[in-house]
Amino acid sequence: MRAAVIVFPGSNCDRDMAVAFREVTGAETTMVWHGESGLPDNVDIVGIPGGFSFGDYLRCGAIAANSPICRAVVDFAKAGGAVLGVCNGFQVLTETGLLPGALMRNSNLKFVCKPVDLVVETADSIFTSGYEKGQKIEIPVAHHDGSYRAAGDLMARLKDEDRIAFRYAEDINGADDRIAGVLSSNRRVLGLMPHPERAVDALHGGTDGVAMFKALAESLVSA
Amino acid sequence: MKARVMVMLRNGVLDPQGEAVRTALGNLGFEGVGGVRQGKVIELDLAETDPEAARHSVTAMCEKLLANTVIESYQIEIL
């Protein structure tokens, strides 16, 4: 498996994500600067990390979503490539249009930074096949703008198509229907606010993120 | 030619920052403020001299970058 992790000015979880790919999946992992126009050859998965890309100017993820590398990421995803966006990476994915909906300021206006319980809502994806539907896992969150909005008929569509990957067990940010992570219609793109890469080593205080990276390794190893 | 773009959250989208400002105004003794909505104003200096062409181009900028039309609406003033 080969992974690429995108690095924007202001990314701060890029190295954590790279460590998770390397240590848990053994993937050959390349860091790719936002100004690059293409991804490395034969990449199986692209990781878009957390942080404050471009200082969150204009809107979280908006400038990053229009950077040269994101055009390549959109093409990669549209061709069926796997993309994992965490936290700011989730915001970037919604801004590119690869994932629907939008992420807004937490409704309590607080920066939420703590381990939270998530409920796995579907095991039917390359990201979640290592969990069971309904399973509770503990993964840290750290965000100020994580309140997911699914307006109009989007919520019904997400439910009908089984595209809600994770929900918060308890409301932490005012997200519609406590949604923490959603899948693309082809189920190959996942965006989530919690940080699975911060739960892959006993020293992190929890290892519930391991199953996500292991599942990816199993699904993508032969690709 | 200049253009001014006003970006606001769409009607019906909860604006927690506006709510916080409303509460703060109440705490300062300003009564009768029923609601506060917070948005942003973006001013652009354009080389374009034709107002219609400028509006067309700024509309494209709003759709692509300046506003997230999932949650925000925008108004363009050509000055």
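Since this is a predicted model, take the numbers as computed values, not measurements.

**Topic: the overall build of chain B**
Scanning chain B from terminus to terminus reveals two helices and three strands. Sequence-ordered secondary structure for chain B, helices as α and strands as β, is β-α-β-α-β. The C-alpha atoms of chain B give a radius of gyration of 16 Å, which is well past the 12 Å a tight globule of 79 residues would have. Counting across all 79 residues of chain B, residues that qualify as buried make up 14%. Counting only contacts in chain B whose residues sit at least 6 apart along the sequence, the fraction spanning at least 24 positions is 67%.

**Some remarks on the sheet that holds strand S2 (residues 40-45) of chain B**
Residue and element names in this part refer to chain B. The strand order across the open sheet formed by three strands is S2-S1-S3, and the pairing between neighbours is antiparallel. What marks the edges here is a single partner per strand, and that holds for S2 and strand S3 (72-78). This sheet shows a mean twist of 20 degrees between the axes of neighbouring strands, independent of strand direction. Here strand S1 (residues 2-9) runs beside S3; their pairing, made up of seven bridges, is antiparallel. Following the sheet pairing, Met6 is matched in S3 by Gln75.

**Focus: the sheet that holds strand S1 (residues 2-7) of chain A**
Residues and elements named next belong to chain A. Reading across from one edge, S2-S1-S3-S4-S11-S10-S9-S6-S7 is the order of the nine strands in this open sheet, with mixed pairing throughout. The two strands at the open ends of the sheet, each matched to only one other strand, are strand S2 (28-33) and strand S7 (136-143). Sheet twist, expressed as the average angle between the axes of neighbouring strands with direction ignored, equals 20 degrees.

**Digging into the interface of chain A and chain B**
The interface is formed by 12 residues belonging to chain A together with eight residues belonging to chain B. Here the residues of the side of chain A that touches chain B are counted per class, giving five nonpolar, three polar and four charged.

**Some details on unusual backbone geometry**
All names here are of chain A. In this model, Asp56 sits at a positive phi of 60 degrees, which is unusual for a non-glycine residue. Summarising the element assignment, Asp56 is placed in the loop between strand S3 (45-48) and helix H2 (62-65). Residue Asp56 is classed as partly exposed on the basis of its 18 C-beta neighbours within 10 Å. Its identity is not glycine, yet Arg178 carries a phi of approximately 55 degrees, on the positive side. Along the chain, the position of Arg178 falls in the loop between strand S9 (164-168) and strand S10 (179-183). In this structure Arg178 comes out as partly exposed when scored by C-beta crowding, with 19 C-beta atoms within 10 Å.

**Observations concerning the nonpolar core**
One finds Ile6, Val46, Val73 and Val83 of chain A to be the most contacted residues of the largest nonpolar core, which totals 78 residues. Per element, the largest residue contribution to this core is six residues, and it comes from helix H3 (residues 68-78) of chain A. Excluding its chain neighbours within four sequence positions, the residues that come into contact with Val46 of chain A are Ala4, Ile6, Leu39, Val73, Phe76, Gly81 and Val83 of chain A. Formed by seven residues, the second largest nonpolar core is a distinct cluster that contains Ala3, Val58, Cys62 and Tyr74 of chain B.

About the thresholds
- Residues numbered from 1 in each chain as written.
- Chains lettered and ligands numbered in written order.
- Predicted model: local features only at pLDDT ≥ 70, side-chain atom pairs only at ≥ 80, totals over all residues.
- Helix = DSSP H or I, 4+ residues; strand = E, 2+ residues; numbered from the N terminus.
- Rg over C-alpha atoms; globule rule 2.2 N^0.38 Å.
- Buried ≥ 20, exposed ≤ 12 C-beta atoms within 10 Å, placed from the backbone.
- Contact = placed C-beta atoms within 7 Å.
- Pairing = 2+ DSSP bridges.
- Axes fitted to C-alpha atoms, helices over the stretch in contact; angles between N-to-C directions.
- Nonpolar A, V, L, I, M, F, W, Y, C, P; charged D, E, K, R; others polar.
- Core = buried A, V, L, I, M, F, W, Y, C linked by C-beta atoms within 7 Å.

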